[in-house]
Structure formats: structure tokens, C-alpha cells
Amino acid sequence: MAELKPAGLYLEPVAGWGRHAVERGAVVRPERLLLPPGDRPVLPRGLGRSYGDAAVPASHGAFVLETARADRVVAFDRERGTLTCEAGLSLAEILRVFLPRGWFPPVTPGTKFVTVGGCVACDVHGKNHHRDGPFGRFVDRLVLQVADGSVVECGPERERELFLATVGGMGLTGLITEVTLRLQPVDSAWMVVETEPVPGLGAMLDGLRDAGKDWPYTVGWIDCLARGAALGRGILMRGRHASRAEAPAGPPPEPRRLDVPLDAPEWLLSPILMRGFNAAYYWKHARWSHARPPRGPARPVPCHGFFYPLDAIGGWNRLYGRRGFLQYQCVVPRAAGPPAVAELLERVVEAGTASFLAVIKDCGPESDAYLSFPLEGTTLALDLAYRGPRTETLVHELNATVIAAGGRVYLAKDAVTRAQDFALMVPRLAEWRKVRDRWDPEHRFRSAQSVRVLGDTP
Amino acid sequence: MKAAVVGATRGMGRALARLMAERGDALCLLGRDAAELEASARDLVARGARGVVATARLDLAEPAGFAAALDAADRALAAFDTLVVTAGDFAPQEALERDPARLGRLLDVNFTATALLCQQAAERLAGRGGGTVCAFSSVAGDRARRSNYLYGASKAGLSAFLEGLHLAYADRGVRVVCVRPGFVKTAMTAGLPVPPFAGEPDAVARVVLRAIDRGTPVVYAPPIWRFIMLVIRLLPRAVMRRVRF
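For clarity, every value in this text was computed on a predicted model and none was experimentally measured.

Some points on the overall build of chain B
- Counting its regular elements, chain B contains nine helices and seven strands.
- For chain B, whose C-alpha radius of gyration is 17 Å, the value lies close to the compact-globule estimate of 18 Å for 245 residues.
- Viewed in the frame of its principal axes, chain B has a C-alpha envelope of about 55 × 40 × 35 Å.
- For chain B, the residues scored as buried account for 44% of the 245 residues in total.

Here it is, written out as C-alpha cells:
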């Protein structure tokens, strides 16, 4: 319950979306983004949708600066769609305000409840990565308040090293206060979507590659409990923004939102029930798609349902129970291909660890940002209910496969990866460290994650 | 609606100004920090405000400047028809107990200055046929509690004043709305333990805007606080002495 520090500041529990790794921090939510005076360690945090410990304070009582109240639009160029905003503005708000005017985020992760600053810090990617790259590609300018308190502007040309270290830099180079990004023009708030059942992993990877040639958005949902020949079976989805002619008149209805009021009991995630859920999801889509041939004229669907299916369930993370869950997301280079992905899936199936659907997606070329996650290849994301050391062991085993394949894990999801493993995954880590050390020699910006994977002092 | 809004740069005032601007109300943002006012005005315009968005200086600590600020709002909006005061002062009880000067400032801003400003605006509106005065009090003013009675007293005074203002000006066409927010998650309350039934600024703003449109004399936000405070008001003082909230 309430715990007061001598100074009278209440320390509240802070966790990522996976609710595993919790630490109490002194949280402030200012409307003007300013570092506290002095050299006190600080952790910038957006809406807290990173899954692991990226936005968890480095130590008990450490200072957490939540940015979501700093959400003003500074300027909007209605000809070019260039938006300058304070870092706490959320994609949900961008969609609410700018989608009716024909503008859409250039890249969006699977939830709209993220801040623009968080999107930069994690260099998020979306279903269009194979074509458009990550979020950072659409950022023209950042304003940062760095460790010594000074305010610095950076961008692809200006202070380029600081820019490349900040995009994907997990908030460890400075407090991002302002972002200028390019929105993309769209004709409507509707999507043309095709779904197709695919019987196995090979077909899924081929399907993603073929779909990526013509479609801006592609993704696969995998029944990650199917074994043997059915390993990797799932649903392939392709989407694009509907043109004015295709879209129904008027905007889609406001998405309805249900809330999960309680932590779910752990038996709900028993392997049997989970297998049932995965199979039901597969067959529902398989039947639906057979009834409606994928090449036939598709009925447009609201964009919210396509991009943010889970946002319809507020607090869905509580479905994993009180102990929380890990989301494991990795990418393996195309050269390593299907064998590596199959090995990862087999290991998860073998472990019998309950998981809702897994997401598979092919990524385009790597970006210049030192710590940016995606690289050309296949990314796999799956939820693992947290069950103590055996879940962590599973992650280390998966990591070994990823390292052998020349891949890496996504820091925005990670809560477990060891420093020595992370160093093997990110060849440009030393370059990033050099830039960080120049701007923040004392590592004033730190998190539970930076302590774990970068060796910062707690 | 043509509204002069004090406190539109932050918290609930910011959320309320956005709702008003989005639906086409003309606004004049009043506050003491010119750069902040400008930033908030730019935000409203970039988000597609359809009406006028102007700014003018007003410092609640300087009542001598109120008339000039209301004149400026009148000029910008060609006579405003609504005044909204969301600004107020807050400090934890211990800080107020420790520092009498700090307590004096809080009482001055939350009660004296806000009452003076609303009184002037009501008179101005009555003189031109009517309008609305809406000010943010607090549930803390409904019942004194040992843990925040100093802040609560400033808001109790304001609530009583607004009730009287409503009675006095009803016949002259001025509607008075007293907003009593419960715990709302804003920068003002950051660092405090969040109690059950805490509200978000956006949701509170929607409730307040409906009350302004309808001229509801007293509005609780989130609405559940009406029932919570009903119960708390009924508790005997002997019970209030024992409970520690």
C-alpha cells in the first residue's frame, strides 16, 4: 500500500505492460517536460506499453518522468502532413484528431496507446516494415534535454550521431521533449483486408514474401501450439488503406472497449484451454476465408480493428494473471530462414508454455540507428505466461537459437535477456555506447533494463 | 459559445479547452505565462479549432488586473458569454501547515481572487443580458478532513460563494456552475497515492462541458463523487475524528 519517502513523495509500483519486473519509483507526470534540477538519475516513460523492464526504474525510489501529459501539438503542416508535437502525444490522439483530416501515422505498432516519444525511443515497427521501415525513418527532428540539462536539437542531418543513438535508444540518451514526424496521407479510415489460412510454416513464410510485393501491410498469426506437420499453421493477413471509392460513406463507428476488471486465474492459461483457443481462432478464420475466396472483392473494415485488435480489450494484460507474462520477440536474418524459425517454434511447443497466438512478420532492411531492432528477415513475437525461472530458462534457450542465426531480440519487449547475450546480438552496441557516453557520461538516464543488459549501476 | 478560460494551459482546463475548440467555440485563454498561453493556443489551432483562439494575461495573484483581463477577453471575442476558471492552487497539508505565507497564498488564490474574478464577470454578463460563470471548486470543500482541511476550506468558501452568486444573479440571466472534481489524475495530483474512483482529465472535461451547456448549478466529476460525498457529509463528526483519511 501507500509508502511514503521521508520527503513525502509517494512511491508507486511501476511495471511494463507484461507486469513482470515491478519496482517502486517516484513518478511525476508534468505537463512541461523538464528534467529535475541536479544530477538525480531519471527514467523517461511514456504510456508504459513496453512489455518488459524498459520503463521500470533502475532502483527502488528512482525518479520516473512520465511524459503523457505533455501532449500539445506544436505545429501541423496540412499540405505535407508534417506534425511537430510534444513527446507525450499518443498515436490514439493523432488518429482521433488527424485521421478525419486524411492523415495516418507512418508506422504504428499493435497498440495506439503509445506516445510519440516512446515510438522514437523504441524505434517501433508495424505491419508495413517490409515496405516502409521503422518509425525513425519518418522522424525529421528531435528535441532532447540531455543529462547536463541543456536542450539539443538533432535529426538525420543535424547532430546525426545523437539522433541515431536516440532512435531505438530506449530513452537512455536524454529526455525526448519534442518530435517532428511525417504522417502519411490516406483516403479513408477503412482498410481493405484479405485473410488466408496457411497450413504450415513454409507456406506462411512464402505467403508473407509474396504478399509483401503488392501489399503495404502484411502479418501472420500463428497457432503456436500446433505440432508436427501443422507447425507454423496460421492466418495470413494482407491489408491496405481503402480508397475513397471503396470506403463506405462516413467514418467507421467508434471502437467499443471492454475492460478486464480482475487478474485472471492461472488455470485459464492451462495448455489445454490455450490449445483450444488457438485452434478455434485458426478454424474460425479458415472457415471464414473458405466461404469468401481471398481474391474476391473484400468488404472494407475499420482501421482500428485491423491495426489494434487488442486495444478493444482494456487491460488485456491482466488475462495472464497476477504473475504477469513476458512477450518474446526476436528477428532472424533471411539467410537463416525457415530452419531457425522452425527451431524457435518447436522449442516453444515443446516447453508446453501456454501462449495466445504468435505473430510472424517479415522485415525490410535494417536502419542506420544503432540499436534499432528490425533487420531484413523474419520476426516472431509470442506471449509467455511468467512462471518463474523455467520461463527465463526458456528465453535464454530461445536467445541461443537467435544468436546462432545472427538475429536479436526487441528491447521494447524484453525483460530477461542477459547482458552477455545482448552484446552478441547487437554488433553496433559499442558505437552506441560511445555516443551515449559523450552525452551522458554518468548514465543519468537509466532503467531496470539498462542495468540488466548494459551493466549500468542500479 | 464565446468563452474566457482561466487555466486552459494545464490539466482539466486544457482538456476542456480542447473539447470547446473542437466543436467550434471561440476561446480566449487567460493566464500569467505568455509562452504557455501561446503554446496552448497553437495546440488548439493545429488540432483544428474552428473558432477564434486568443490569449490575454491574467494572474490570479493580482486582482487589480482582472478588469483589464476581462476587457481583453471582451475585445478578442466581441464580448464573451462564458467565464471558466479551472485554475487554482494546491499544496499538501503538511506544506501549508509548515509555511503560513504559503497557506496565505493558497487561500488568496483559491477563494479571494477566484471570488473577485467571478463576481466581476457575473456583473459584466448580467449587464449585457446574461451568460455563464463556471468555476472549479473541489469535493474537498464538501466536508473538512483532517488530512487536507486547509485546501478544503479554501474550496468550501468558494463553493458557498458560487451558490450565493447563483442565487443572486439567476434573475439577471447569469448561470453559475460549481464544478466539484474528485481526485483527478493531473500534474497537480502527481506524486500522491491514487485513491479509488480517480478520474482522467478528458472524462472530467466532458462532464463539465455538459454542465456548462445545461447550466447545472453543481456538478461532480467523475459523477460517482456525488454519492461518495453524500455519504461522507452524513458521517457524524465523532466518526470523522476517528477516520484517518
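Following the structure, the description resumes.
Examining the overall build of chain A
- When helices and strands are counted, chain A shows 12 helices and 21 strands.
- Its C-alpha radius of gyration of 21 Å places chain A within 12% of the 23 Å reference for a compact globule of 458 residues.
- Taking the principal axes of the C-alpha coordinates as reference, chain A spans close to 65 × 55 × 45 Å.
- Counting across all 458 residues of chain A, residues that qualify as buried make up 53%.

Some words on the packing of helix α8 (residues 337–351) of chain A against helix α9 (residues 389–404) of chain A
Residue and element names in this part refer to chain A.
- Where α8 meets α9, the axes come as close as 10 Å, and the angle between the chain directions of the two elements is 165°. Viewed along their axes, α8 and α9 adopt a mutual orientation that is roughly antiparallel. Remark: the crossing between α8 and α9 carries right-handed chirality. Together, A340, E343, L344, R347 and A351 of α8 and L394, E397, L398 and T401 of α9 make up the contact between the two elements.
- When its residues are assigned to classes, the contact of α8 with α9 shows five nonpolar, one polar and three charged.

With respect to the domain arrangement of chain A
Residue and element names in this part refer to chain A.
- With domains assigned, chain A is organised as domain 1 (73–186) and domain 2 (190–418).
- The centre of domain 1, based on its C-alpha atoms, is set 24 Å off from the matching centre of domain 2.
- Counting from both sides, the interface comprises 25 residues of domain 1 and, opposite them, 25 residues of domain 2.
- When residues of the side of domain 1 that touches domain 2 are traced back to their parent elements, those giving at least two are α3 (129–132) and α4 (160–166).
- For the side of domain 1 that touches domain 2, the element with the most residues is α3, which contributes three residues.
- Within the side of domain 1 that touches domain 2, the residues separate by chemical class into nine nonpolar, 11 polar and five charged.

Describing the pairing of strand β4 (residues 82–85) of chain B
Residues and elements named next belong to chain B.
- Side chains T82 and V84 of β4 all project onto a buried face; the interleaved residues L83 and V85 project onto the opposite face, where all are buried too.
- Pairing of strand β1 (residues 2–6) with β4 involves four bridges; the strand directions are parallel. Its bridge partner lying in β4, A4 is registered against L83.
- Across four bridges, β4 lies against strand β5 (residues 131–136) in parallel orientation. Across the sheet, L83 pairs through a bridge with V133, a residue of β5.

Looking at the interface of chain A and chain B
- Listed as interface residues are 17 residues of chain A and, on the opposing side, 15 residues of chain B.
- Looking at the side of chain A that touches chain B, the elements that each hand over two or more residues are β2 (22–28) and β5 (73–77) of chain A.
- Element by element, the count of residues in the side of chain A that touches chain B is highest for β5 of chain A, at four residues.
- In the side of chain A that touches chain B, the residues fall into 11 nonpolar, one polar and five charged.

Concerning the sheet that holds β5 of chain B
Residues and elements named next belong to chain B.
- Taken together, seven strands build an open sheet; the order of strands is β3-β2-β1-β4-β5-β6-β7 and the sheet is parallel. Bordering the open sheet on either side are β3 (53–57) and β7 (218–221), each of which pairs with just one other strand. Along the sheet, successive strands turn relative to each other by an average axial angle of 20°, direction set aside.
- Bridge count for strand β6 (residues 174–181) against β7 is four bridges, and the pairing is parallel. Looking across to β7, one finds that R180 is bridged to Y220.

A few points about α9 of chain A
Residue and element names in this part refer to chain A.
- With 16 residues, α9 extends 23 Å between its outermost C-alpha atoms, agreeing within 8% with the 22 Å of an ideal straight helix rising 1.5 Å per residue.
- Every buried residue belonging to α9 is among T391, L394, V395, L398, N399 and V402, and all of these are buried. One side of α9 holds all its buried residues, which, seen down the axis, span an arc of 140°. Across from the buried face of α9, at angles greater than 90 degrees, the exposed residues are P389, R390, T393 and H396.
- Of the surrounding elements, those touching the buried residues of α9 are β18 (325–333), α8, β20 (377–385), β21 (408–409) and α10 (419–425).
- Where α9 ends, the next residue or the one after it, G406, has phi of about 80°, a positive value.

Brief notes about helix α1 (residues 91–98) of chain A
- Where α1 of chain A is concerned, the buried positions are L91, E93, I94, L95 and F98 of chain A.
- For α1 of chain A, the elements touching its buried residues are β7 (103–104) of chain A.

Comments concerning the environment of A91 of chain B
Residues and elements named next belong to chain B.
- Secondary-structure assignment places A91 in the loop between β4 and α4 (93–98).
- Since 18 C-beta atoms lie within 10 Å of it, A91 is described here as partly exposed.
- In this structure, A91 is in contact with L96, R102 and L106, ignoring residues within four places of it in sequence.

Considering the nonpolar core
Residue and element names in this part refer to chain A.
- Of all hydrophobic cores here, the largest spans 126 residues; its most connected members are V120, L142 and V179.
- Top element by residues in this core is β18. It accounts for six residues.
- Each of two domains, domain 1 (73–186) and domain 2 (190–418), supplies a minimum of three residues to this core.
- Ignoring sequence-local partners within four residues, the contact set of L142 consists of V120, C154, G155, F163, T166, I176 and V179.

Looking at the environment of E376 of chain A
Residues and elements named next belong to chain A.
- Mapping E376 onto the fold places it in the loop between β19 (358–363) and β20.
- Accessibility expressed as a C-beta count within 10 Å gives 15 for E376, which makes it partly exposed.
- A sequence separation of 31 residues divides E376 from G407, and the C-alpha atoms of the two residues are 9.8 Å apart.
- Beyond its immediate chain neighbours, meaning those up to four positions away, E376 contacts P333, R334, C363, G364, P365 and E366.

Description of unusual backbone geometry
- That bond from A221 of chain B to P222 of chain B is cis: its omega, -10°, falls within 30 degrees of zero.
- With respect to the helices, strands and loops of the structure, P222 of chain B is situated in the loop between β7 and α8 (225–234).
- You will see that E159 of chain A, though not glycine, has its phi angle at about 45°, which is positive.
- With respect to the helices, strands and loops of the structure, E159 of chain A is situated in the loop between β9 (151–154) and α4.

Examining the sheet that holds strand β3 (residues 42–45) of chain A
All names here are of chain A.
- Reading across the sheet, the four strands line up as β1-β2-β4-β3 and stay open at both edges, with mixed pairing between neighbours. Pairing within the sheet leaves two strands with one partner each, and these edge strands are β1 (12–15) and β3. Adjacent strand axes in the sheet meet at a mean angle of 50°, parallel and antiparallel pairs treated alike.

Remarks on the packing of helix α1 (residues 11–22) of chain B against helix α7 (residues 201–214) of chain B
All names here are of chain B.
- One way to put it is that α1 packs onto α7 with a least axis distance of 8 Å and a crossing angle of 60°. Taken together, the axes of α1 and α7 are oblique relative to one another. Between α1 and α7 lies a crossing whose hand is right-handed. Seen from α1, the contacting residues are G11, M12, A15, L16, L19 and M20; seen from α7, they are P201, D202, V204, A205, R206, V208 and L209.
- For the contact of α1 with α7, the per-class residue count stands at 10 nonpolar, one polar and two charged.

Criteria and thresholds
Residues numbered from 1 in each chain as written. Chains lettered and ligands numbered in written order. Predicted model: local features only at pLDDT ≥ 70, side-chain atom pairs only at ≥ 80, totals over all residues. Helix = DSSP H or I, 4+ residues; strand = E, 2+ residues; numbered from the N terminus. Rg over C-alpha atoms; globule rule 2.2 N^0.38 Å. Buried ≥ 20, exposed ≤ 12 C-beta atoms within 10 Å, placed from the backbone. Axes fitted to C-alpha atoms, helices over the stretch in contact; angles between N-to-C directions. Parallel < 35°, antiparallel > 145°, perpendicular 65-115°, else oblique. Left-handed = near helix turned anticlockwise from the far one by under 90°. Contact = placed C-beta atoms within 7 Å. Nonpolar A, V, L, I, M, F, W, Y, C, P; charged D, E, K, R; others polar. Domains from an automatic or database assignment. Pairing = 2+ DSSP bridges. Expected span 1.5 Å × (residues − 1). Arc of directions from axis to C-beta. Core = buried A, V, L, I, M, F, W, Y, C linked by C-beta atoms within 7 Å.

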